[in-house]
Amino acid sequence: MKQKITIKTIAKELGVSTSTVSKALKDSHEISKETKEKIQAFADYYNYKPNSLALQLRNQKTKVIGVILPKIVHHFFSTVIMGIEEGAIEKGYHIMVCFSNESYKKEVETLKVLSNGSVDGLIVSIANETLENKDFKHFQDLVSEEIPLVLFDRVVDEILCDKVVVDDVGAGFKATKHLLEIGRSKIALLTTPKHVNVGTLRRQGYEKALIEAYIKTDPKLIIEIDESINICNQIEKIFEEDIDGIFAVNEIYAAKAMKLAKDKGLRVPEDIAIIGFTDGLISRYSSPSITTVAQHGFVMGKQAVELLIERIEKDSEVYKPKKIVISSDLKLRESTKTSS
């Protein structure tokens, strides 16, 4: 008796993608005659039968969109959810929100559960651990199976799907340039490890602004924060250097830096000016209030859900991934305002 096979089995045996197998079995014009005949012959020999339950689940619309976020602590992600929900409701959809808690394993498991017919499509910001591992197979399988997917904020080129991002390089440049314009020249950067691409891109903007001001980047003024250990202890090291400004890639780092500065008797902004990222409640109600880069999370969420629903409802074999880049702007507050 021949073994029961799946599309994945056929793809593995013949050295092609699952998407190629799926299209060949549907007699798609996108696949060459030779490849189609080879795949169809292999499927016939092993008496391949489509999984009727899976097909039924796939073809039956749930009107539910799955959202997987790394965590909820950041104001940014809460505003993204609001944008996604508003856009979904306008089109008659509901959302189901899950959290990976920055875990690769949990992200894989959650994707597996949601993609088994529970939702019509997925909106995801990739977990920190996944970016560190550089293992994106669970997303690539999703794309191969033609399950609608939109990535936002934390995205990677290896996954061929729709994406919505902030102009992180431009944002880092604007923040650093503002510090330079108010007379700061020894500017520290509090950023993420290099595998977190948003931090890396913001760092590029920081370095670009310094280069334009003819200031050499000093590695001693850059701290890559490991969030698995005490954040304040890491930030405190930057005050051992001679600095007069800090650019932090999120508002939590900025708020902690400001508290440490005040604890050390430094005046903000007279002695040290501070800029954060994400225009949240922490930045607004800190004392002094913190100048930030506004990410426009609500807009990002709404754009992401509009892209996804377009993919869900557009029945087309030819698919070209789209990338939407949202510009950012500075919200000027007390942490960088010096008296004239």
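Note that the coordinates shown come from a computational prediction; the quantities given were computed from them, not determined experimentally.

Q: Which residues make up the overall build of the protein, and what values go with them?
A: Looking only at helices and strands, one finds 14 helices and 12 strands in the protein. With respect to the principal axes defined by its C-alpha atoms, the protein has extents near 80 × 40 × 35 Å. Residue burial in the protein is summarised as follows: out of 340 residues, 49% are buried. In the protein, once contacts between residues fewer than 6 apart in sequence are set aside, the share between residues at least 24 apart is 72%.

Q: Tell me what's going on with helix 8 (residues 137–144), and back it up with residues and numbers.
A: Among the residues of helix 8, His-138, Phe-139, Leu-142 and Ser-144 are the ones counted as buried. Among the structural elements, helix 2 (18–25), helix 6 (104–114), strand 3 (121–124), helix 7 (128–133) and strand 4 (149–152) are those in contact with the buried residues of helix 8. One or two steps after helix 8, the chain reaches Glu-146, where phi turns positive at roughly 60 degrees.

Q: Before we move on, could you go through the packing of helix 1 (residues 7–14) against helix 2 and cite the residues and values that matter?
A: Helix packing geometry: the angle between the two helix axes and the distance between the axes. Contact geometry of helix 1 with helix 2 gives a least axis separation of 8 Å together with a crossing angle of 110 degrees. Classified by the angle between their axes, helix 1 and helix 2 sit roughly perpendicular to one another. The chirality of how helix 1 crosses helix 2 is right-handed. Counting all contacts with helix 1, which are made through Ile-7, Lys-8, Ile-10 and Ala-11, the residues of helix 2 involved are Thr-18, Val-21, Ser-22 and Leu-25. Counted by class, the contact of helix 1 with helix 2 contains five nonpolar, two polar and one charged residues.

Q: Account for the environment of Asp-271, naming residues and giving values.
A: Structurally, the position occupied by Asp-271 is in the loop between helix 12 (251–263) and strand 9 (273–277). Distance from Asp-271 to Thr-291, taken between C-alpha atoms, is 15 Å for residues 20 residues apart in sequence. Once residues lying within four places of it in the same chain are set aside, the contact partners of Asp-271 are Arg-184, Ile-243, Asp-244, Gly-265 and Leu-266. There is a polar contact of 2.7 Å between the side chain of Asp-271 and the backbone nitrogen of Arg-267.

Q: Residues and numbers for the nonpolar core, please.
A: Ranked by internal contacts, the top residues of the largest apolar core, which has 39 residues, are Ile-235, Phe-239 and Ile-246. Elements that contribute at least two residues to this core include exactly helix 9 (168–181), strand 6 (187–191), helix 10 (197–212), strand 7 (222–224), helix 11 (231–236), strand 8 (245–248), helix 12 and strand 9. Ranked by the residues each element gives to this core, the list is headed by helix 12, at six residues. Apart from residues lying up to four places away in sequence, Ile-246 is in contact with Leu-179, Ile-187, Ala-188, Leu-190, Ile-238, Phe-239, Ala-257, Ile-272, Ala-273, Ile-274 and Ile-275.

Q: Give me unusual backbone geometry: which residues, what numbers.
A: Residue Val-268 is joined to Pro-269 through a cis peptide bond whose omega torsion reads 10 degrees. Looking at where Pro-269 falls in the secondary structure, it is placed in the loop between helix 12 and strand 9. Cis geometry is found at the peptide bond from Ser-287 to Pro-288, where omega equals 0 degrees. Backbone geometry places Asp-153, a non-glycine residue, at a positive phi of 60 degrees. Following the sequence through the fold, Asp-153 ends up in the loop between strand 4 and strand 5 (162–166). Phi is positive for His-296, which is not a glycine, with a value near 60 degrees. By the secondary structure assignment, His-296 is in the loop between strand 10 (291–294) and helix 14 (297–313).

Q: Tell me about the layout of surface pockets, residues and numbers included.
A: Space inside the second largest pocket adds up to approximately 440 Å³. As for the second largest pocket, its lining consists of 26 residues, and the residues nearest its centre are Lys-71, Glu-102, Arg-154, Thr-192 and Glu-227. For the lining of the second largest pocket, the secondary structure elements donating two or more residues are helix 5 (75–90), helix 10 and helix 12. Ranked by the residues each element gives to the lining of the second largest pocket, the list is headed by helix 5, at three residues.

Q: Explain the pairing of strand 9 to me, and be specific about the residues and the numbers.
A: For strand 9, the tally of buried residues reaches five of five residues, placing the bulk of the element in the interior. Where strand 8 meets strand 9, three bridges bridge the pair, whose relative direction is parallel. Directly across from Ile-246, in strand 9, lies its bridge partner Ile-274. In this region the chain leaves strand 8, passes through helix 12 and returns to the parallel neighbour strand 9; the handedness of that crossover is right-handed. By the bridge criterion, three bridges tie strand 9 to strand 10 in an arrangement that is parallel. Of the residues in strand 10, the one forming a bridge with Gly-276 is Thr-292.

Q: Provide a residue-level description of the sheet that holds strand 10, including the pertinent values.
A: Pairing is mixed across the open sheet formed by six strands, whose spatial order is 7-6-8-9-10-12. At either margin of the open sheet sits one strand with a lone partner, and together these are strand 7 and strand 12 (329–331). Ignoring which end each strand starts from, the neighbouring axes of this sheet average 20 degrees apart. This element, helix 9, spans strand 6, strand 8, strand 9, strand 10 and strand 12 of the sheet and lies at about 165 degrees to strand 9. With respect to the sheet, helix 12 is in contact with strand 6, strand 8 and strand 9, its orientation differing from that of strand 9 by roughly 155 degrees.

About the thresholds
Residues numbered from 1 in each chain as written. Predicted model: local features only at pLDDT ≥ 70, side-chain atom pairs only at ≥ 80, totals over all residues. Heavy atoms only, no water. Helix = DSSP H or I, 4+ residues; strand = E, 2+ residues; numbered from the N terminus. Buried < 20%, exposed > 50% of the residue type's maximum accessible area, 1.4 Å probe, protein only. Contact = heavy atoms within 4.5 Å. Axes fitted to C-alpha atoms, helices over the stretch in contact; angles between N-to-C directions. Parallel < 35°, antiparallel > 145°, perpendicular 65-115°, else oblique. Left-handed = near helix turned anticlockwise from the far one by under 90°. Nonpolar A, V, L, I, M, F, W, Y, C, P; charged D, E, K, R; others polar. Polar contact = N/O pair within 3.5 Å; in protein donor to acceptor, adjacent residues only side chain to side chain. Core = buried A, V, L, I, M, F, W, Y, C linked by side-chain atoms within 4.5 Å. 1 Å grid on protein atoms, 1.4 Å probe; cavity = no way out; pocket = protein on both sides within 12 Å on 5 of 7 lines; lining within 4 Å. Points joined across faces, edges and corners; volume = space filled by probe spheres on them. Pairing = 2+ DSSP bridges. Right-handed = clockwise from strand over helix to strand, strands pointing away.

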